[in-house]
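Residues per chain are reported as follows:
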Amino acid sequence: MKRKFIALTTLIALTFGFVGTAIAECTNDVWNKVMDRGKVVIGVKADYKPWGFRDADGSLVGMEIDMAMDVGATLGVEVELVPVQSSNRMQFLEQGKTDMFIATMSDRDDRRKIVGIPQPNYYTSGTNIMSPKALGFKEWEELRGKSVCGKQGAFYNKIVTERYGVNIVAFTGNAEAKQALRDKKCVAWVYDDSSIGSDLASGDFDAFEMPLMSEDDNPWGLAVPLAENNCIFGRFMSGMVFNWHQSGQLIEWEKKWGIKPTAFLADHHEKYKDWLSN
Amino acid sequence: MIETITSFFLQLADDYPRWNFIFFYDSFQWWRLVGGLKMTILLSIACVLLSVVIGVVGAWLQGSPKRWVRLLVQGYIQFFRNTPPFVQLLFFYFALGQITPTITGPDGWTEVPLISNVGWAIISLSFFAGSFNVEIFRAGIEAVPESTREAADSLGFSRFQSYVELVLPLAFRVSLPALNNNLVNLIKTTTQAIGIAVPELLYECVGIWNDYPSALYPTMTVLFVVFIILVGILVAGMHKWEKSMKIPGYGAS
């Protein structure tokens with residue numbers, strides 16, 4: 001049994017080239033590739049207002065696109081934006097389709113095993129629902145057994161399913177899920193409170209509200225290839241995020257894109273303040 | 001037995017973090033996978049049957065002496081064959097779904113549609129594959145010799161009788177290989193129902209690998225294997241059927 005087991009696992013490992021996970025040394029492959037071709041390919045969201053979305057003429061804009069552009073400017077290279085979805089952003093990075101991504105991703109333990117998430121985190125959000133005012137939900141418990149629209153790839157789908165017995169109907173895109181809510185196919189749309197907040201502020205959802213207490217507040221992280229997290233690329237991105245916090249750039253972007261000011265950014269700005277400045 | 005399997009896959013996940021076959025030791029994920037498989041099988045069977053019926057009826061109507069009936073069938077074929085099935089799914093579910101009758105739920109707000117997303121998936125995929133089937137059966141019908149049909153006419157068969165008793169049985173044999181191809185495609189196309197949140201196999205698999213990124217490769221492997229088996233069963237069945245219906249001296253041996 002044991003021998004068979006070892007033989008089988010070795011076979012699988014050899015077939016797919018995963019022998020152990022230890023990262024021996026920095027080869028900086030992706031970093032060097034970016035430098036050589038003078039272009040960095042960054043995955044961003046295209047359906048997540050106001051972090052990454054398409055404006056009237058179809059070009060990608062938003063807070064995270066501003067961040068991506070600043071990365072390119074600091075590197076001194078061109079930026080190519082690739083729209084990604086929650087359910088494929090990590091795979092695109094692994095396959096080398098993107099060099100890095102800034103795509104509203106919550107920084108989770110199991111995700112750090114797949115992609116490199118340089119610290120510090122640049123934003124945070126919790127889980128909440130958008131539901132019609134007519135239903136007047138007050139507690140998460142009231143959702144038990146009901147159909148709630150969701151988005152494929154969100155980590156809290158599992159949490160609310162297990163904790164509150166919610167029946168998640170997950171769509172591939174935000175637009176479809178919100179359309180299903182408008183069509184009254186579900187009683188609520190479960191998503192990041194920050195995104196729901198900006199949808200409600202847009203005036204397109206007047207009959208809806210965000211009635212519950214946000215749960216599972218989770219910081220967001222941008223991602224670089226796992227092998228380069230502790231090499232030039234990861235260290236460089238850590239520096240970028242640190243500087244955005246220290247200079248107050250993130251707070252400025254937050255204001256520019258009409259996002260409700262978060263204590264998270266204010267706290268980090270304070271924490272990383274240059275002690276010589278006043 | 002089951003314990004050996006679960007402990008094997010637990011150990012495997014421990015040794016190789018990218019090969020976490022979570023559904024082989026976590027019962028919640030297992031039932032998720034089984035539920036998805038059941039839905040995929042349901043979609044496949046329902047769509048295969050319905051699309052063949054649409055094909056047979058459509059091919060008959062195509063030979064109708066009434067011009068407007070022929071035009072109607074032609075319009076149906078052009079519409080369903082020439083637009084992407086994914087777009088049809090979204091159109092049926094979101095656009096037509098708004099004008100079909102609904103029942104207001106007990107909370108007084110939700111509207112439970114008479115046709116669920118599963119219903120729309122079956123309807124839309126069947127009509128899509130059915131449009132191809134009409135053309136496939138037409139090819140078979142045109143292969144039936146004119147003289148055979150004339151013989152039926154002269155024996156006093158009505159148009160319906162000669163279609164059911166004579167033309168179709170012969171045409172069917174000729175159409176089977178092409179039909180086989182189209183039905184294989186149909187089974188694979190059922191995965192597109194993920195677009196309207198039908199909890200079929202792909203939907204559940206995407207859910208599992210999003211909840212457990214370490215289960216990505218195993219889940220994809222399972223997806224491939226399941227579809228190879230499903231399509232294999234269909235192809236084997238069709239071949240058997242083809243063989244049993246063979247008439248010596250008619251068509252290719």
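The structure under discussion appears in the preceding block.
Keep in mind it's a predicted model, so treat the numbers as computed, not measured.

**A word on the environment of K185 of chain A**
Structurally, K185 of chain A is set in the loop between α7 (174-182) and β11 (189-192). Spatially, the C-alpha atom of K185 of chain A lies 33 Å from that of I65 of chain A, the residues being 120 residues apart in sequence.

**What about the sheet that holds strand β6 (residues 100-101) of chain A?**
Where strands meet in a sheet, backbone hydrogen bonds hold them as pairs that are either parallel or antiparallel. Residue and element names in this part refer to chain A. Read from one edge to the other, the open sheet built from three strands follows the order β5-β1-β6, with strand pairing classed as parallel. With one partner strand each, in any of the chains shown, β5 (78-84) and β6 form the two edges of the open sheet. Alignment of strand β1 (residues 39-45) against β5, held across seven bridges, turns out to be parallel. Note on β5: the bridge partner recorded for G43 is V82.

**Some thoughts on unusual backbone geometry**
Residue and element names in this part refer to chain A. Note that the residue after K49, namely P50, is joined by a cis bond; omega there is -5°. Checked against the element boundaries, P50 lands in the loop between β2 (47-48) and β3 (52-54). The amide bond that connects Q119 to the next residue, P120, takes the cis arrangement and shows omega of 0°. For P120, the position within the fold is in the loop between β7 (115-116) and β8 (123-132). The phi dihedral of N28 is positive, around 55°, even though this residue is not glycine. With respect to the helices and strands, N28 occurs in the loop between α1 (2-16) and α2 (29-37). The phi angle at D216 is positive, at roughly 50°, despite the residue not being glycine. Relative to the elements of secondary structure, D216 occurs in strand β13 (residues 215-220).

**Describing helix α6 (residues 156-164) of chain A**
Residues and elements named next belong to chain A. Turning to α6, its buried residues number three or more, namely Y156, N157 and V160. Along the axis of α6, the buried positions cluster into a sector of 115°, meaning they face one direction only. Buried residues in α6 make contact with β8, β9 (147-151), β10 (167-171), β11 and β13. A positive backbone phi angle near 60° is found at G165, which sits one or two residues after α6.

What counts as what
Residues numbered from 1 in each chain as written. Chains lettered and ligands numbered in written order. Predicted model: local features only at pLDDT ≥ 70, side-chain atom pairs only at ≥ 80, totals over all residues. Helix = DSSP H or I, 4+ residues; strand = E, 2+ residues; numbered from the N terminus. Pairing = 2+ DSSP bridges. Buried ≥ 20, exposed ≤ 12 C-beta atoms within 10 Å, placed from the backbone. Arc of directions from axis to C-beta. Contact = placed C-beta atoms within 7 Å.

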